[in-house]
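Given next are the chains, with one letter for each unit.
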Amino acid sequence: MDPRRTTTTTLLLALLALGSTGFGRCGSGWKVTWQDEFDGPAGQAPDPASWSADIGTDWGNAQLEFDTDRPENVALDGAGHLVITARKETYQGSAYTSARLLTKEKVVTRFGRVEARMKLPSGQGLWPAFWLLGANIDQVGWPTCGEIDVMEYRGQEPLVVHGTLHGPGYSGGNPITASTSLPGPAGFDQDFHVFAVEWDAGLVAFEVDGRVYAAVSREDLPAGTSWVFDQPFFVLLNLAVGGTYVGAPNAATTFPQQLVVDYVRISQRDP
């Protein structure tokens with residue numbers, strides 16, 4: 001990496017830790033502009049005014065599940081949570097089912113704080129994610145639209161989560177990525193944690209439980225590539241089974257598995 005980029009990132013992380021940029025302080029200086037607390041009776045679908053379900057399989061990552069909108073795969077639990085459930089069952093030619101939700105054309109945001117409080121599953125071959133895609137994806141395609149992975153996780157590594165940027169020239173198997181770990185022995189599957197990005201022009205910072213663990217600025221991009229994150233994005237939540245990132249489940253992976261979401265919130269700086 002260019003030494004100038006290393007210095008820039010180190011300085012950003014120091015400022016973020018101190019709160020000097022206005023980042024890294026989830027309870028101060030922010031106003032919630034959209035939220036879903038997932039209140040409602042057990043078995044109810046998530047709010048259709050905010051969420052749609054992608055129906056299908058693979059999505060370009062060799063995933064093994066068929067994603068549905070059935071209550072068996074995605075529903076409120078009646079206790080203030082959204083539950084995405086991955087099941088081992090034969091359905092539409094696939095060996096597993098799950099769900100993939102998105103706010104495309106319903107809820108978009110440009111900059112601010114995007115966060116979710118979630119409890120993750122565990123087991124080889126499970127791939128939950130909380131992420132953002134550029135709202136112009138249908139016009140320019142991926143990765144030119146940009147992708148911000150607020151939280152990505154391999155079920156076989158329950159102590160580790162990842163935050164990643166994908167864009168033109170730094171995508172797929174060669175993104176800009178960072179990770180953070182819990183001290184153990186309890187992993188992200190044992191309790192709820194808050195996963196967030198705080199995002200401004202030319203800067204994305206990744207957090208777990210209010211702690212910034214990585215920051216990426218425009219200057220950190222590979223030479224000759226472009227920053228594509230200063231535009232509106234929409235939100236996605238999904239629990240994949242298998243795929244290039246995690247591999248297939250093995251004999252020790254039990255089903256059903258659940259991604260439990262307490263809330264999703266978008267905030268902007270309070271003027």
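Let us look at the structure shown here. (Residues numbered from 1 in each chain as written. Predicted model: local features only at pLDDT ≥ 70, side-chain atom pairs only at ≥ 80, totals over all residues. Heavy atoms only, no water.)

**With respect to the overall build of the protein**
Okay, so step 1: For the protein, the helix and strand inventory stands at 2 helices and 19 strands.
Okay, so step 2: Every one of the 271 residues in the protein was classed for burial, and the buried ones make up 52%.
Okay, so step 3: Taking as baseline every contact in the protein between residues at least 6 positions apart, the subset at least 24 positions apart corresponds to 72%.
Okay, so step 4: Just so you have it, the protein exposes about 11300 Å², and 51% of that area is on carbon and sulfur atoms. (Helix = DSSP H or I, 4+ residues; strand = E, 2+ residues; numbered from the N terminus. Buried < 20%, exposed > 50% of the residue type's maximum accessible area, 1.4 Å probe, protein only. Contact = heavy atoms within 4.5 Å. Areas by Shrake-Rupley, 256 points an atom, 1.4 Å probe, with all protein chains shown as cover.)

**Considering the pairing of strand β18 (residues 233–241)**
Okay, so step 1: Across the 9 residues that make up β18, a large majority, 9, are buried.
Okay, so step 2: Of the two faces of β18, the one holding F233, V235, L237, L239 and V241 and the one holding F234, L236, N238 and A240 are both buried throughout.
Okay, so step 3: Sheet topology places strand β8 (residues 100–102) next to β18; 3 bridges connect them, and they run antiparallel. Following the sheet pairing, R100 is matched in β18 by N238.
Okay, so step 4: By the bridge criterion, 2 bridges tie strand β9 (residues 108–109) to β18 in an arrangement that is antiparallel. Note on β18: the bridge partner recorded for T109 is F233. (Pairing = 2+ DSSP bridges.)

**Some details on the packing of aromatic side chains**
Okay, so step 1: Per the stated rule, a full pass over the model turns up 12 aromatic pairs.
Okay, so step 2: Taking NZ or CZ as reference, R265 lies 3.6 Å from the ring centre of Y263, over its face. (Phe/Tyr/Trp six-rings, centres within 6.5 Å; stacked < 30°, edge-to-face > 60°. Lys NZ or Arg CZ within 6 Å of the ring centre and 35° of its normal.)

**Some remarks on the pattern of salt bridges**
Okay, so step 1: Inspection of every chain in the model, using the stated rule, returns 10 salt bridges.
Okay, so step 2: Between E37 and R265 there is a salt bridge, with its nearest N and O atoms 3.0 Å apart. Pair noted here: E37 is in the loop between β1 (30–36) and β2 (52–53) and R265 is in strand β19 (residues 257–269), with a separation of 228 residues, a long-range link.
Okay, so step 3: When salt bridges that share partners are traced, they join R113, E115, E198 and E207 into one network. (Salt bridge = Lys/Arg side-chain N within 4 Å of Asp/Glu carboxyl O.)

**Looking at the nonpolar core**
Okay, so step 1: M118, F130, I148 and V264 are the most contacted members of the largest nonpolar core, which totals 52 residues.
Okay, so step 2: No other element matches the 5 residues that β18 contributes to this core.
Okay, so step 3: Contacts of I148, omitting those with residues within four sequence positions, involve W131, L132, T164, L165, V197, W199, V204, F206, F229 and F233.
Okay, so step 4: The next biggest cluster of nonpolar side chains, apart from the first, holds 8 residues, and it includes A129, L133, I137 and F234. (Core = buried A, V, L, I, M, F, W, Y, C linked by side-chain atoms within 4.5 Å.)

**Comments concerning the environment of E115**
Okay, so step 1: If you trace the backbone, E115 turns up in strand β10 (residues 112–119).
Okay, so step 2: In this structure E115 comes out as buried when scored by relative accessible area, which is 8%.
Okay, so step 3: Through-space distance from the C-alpha of E115 to that of V197 is 6.6 Å; in sequence the pair is 82 residues apart.
Okay, so step 4: Within polar-contact distance, the side chain of E115 engages the side chain of Y263 at 3.5 Å. (Polar contact = N/O pair within 3.5 Å; in protein donor to acceptor, adjacent residues only side chain to side chain.)

**Considering the side chain of E198**
Okay, so step 1: In this fold, E198 is placed in strand β15 (residues 193–200).
Okay, so step 2: For E198, the side chain forms a polar contact with the side chain of R113, separated by 2.4 Å.

**Observations regarding the layout of surface pockets**
Okay, so step 1: The computed volume of the largest pocket comes to approximately 600 Å³.
Okay, so step 2: N61, W127, E147, E152 and H166 are the residues nearest the centre of the largest pocket, which is lined by 25 residues in total.
Okay, so step 3: Elements with a contribution of two residues or more to the lining of the largest pocket: β11 (126–134), β12 (147–152) and β13 (160–166).
Okay, so step 4: In terms of residues, the lining of the largest pocket owes the most to one element, β11, which gives 4 residues.
Okay, so step 5: Here the lining of the largest pocket is built from residues that sort into 9 nonpolar, 11 polar and 5 charged. (1 Å grid on protein atoms, 1.4 Å probe; cavity = no way out; pocket = protein on both sides within 12 Å on 5 of 7 lines; lining within 4 Å. Points joined across faces, edges and corners; volume = space filled by probe spheres on them. Nonpolar A, V, L, I, M, F, W, Y, C, P; charged D, E, K, R; others polar.)

**What to know about the side chain of H166**
Okay, so step 1: Looking at the element boundaries, H166 is found in strand β13.
Okay, so step 2: Within polar-contact distance, the side chain of H166 engages the backbone nitrogen of G172 at 3.2 Å.
Okay, so step 3: H166 has contacts with W142, P143, G146, E147, D149, S171, G172, P175 and F229, leaving out every residue within four places of it along the chain.

**Describing unusual backbone geometry**
Okay, so step 1: In the segment running from G184 into P185, the intervening peptide bond is cis, with an omega of 0°.
Okay, so step 2: Relative to the assigned elements, P185 resides in the loop between β14 (176–181) and β15.
Okay, so step 3: Each neighbour pair has its own omega, and for F255 with P256 the value is 0°, a cis peptide bond.
Okay, so step 4: Its place among the elements puts P256 in the loop between β18 and β19.
Okay, so step 5: Its identity is not glycine, yet D58 carries a phi of approximately 75°, on the positive side.
Okay, so step 6: Among the secondary structure elements, D58 is positioned in the loop between β3 (56–57) and β4 (65–67).

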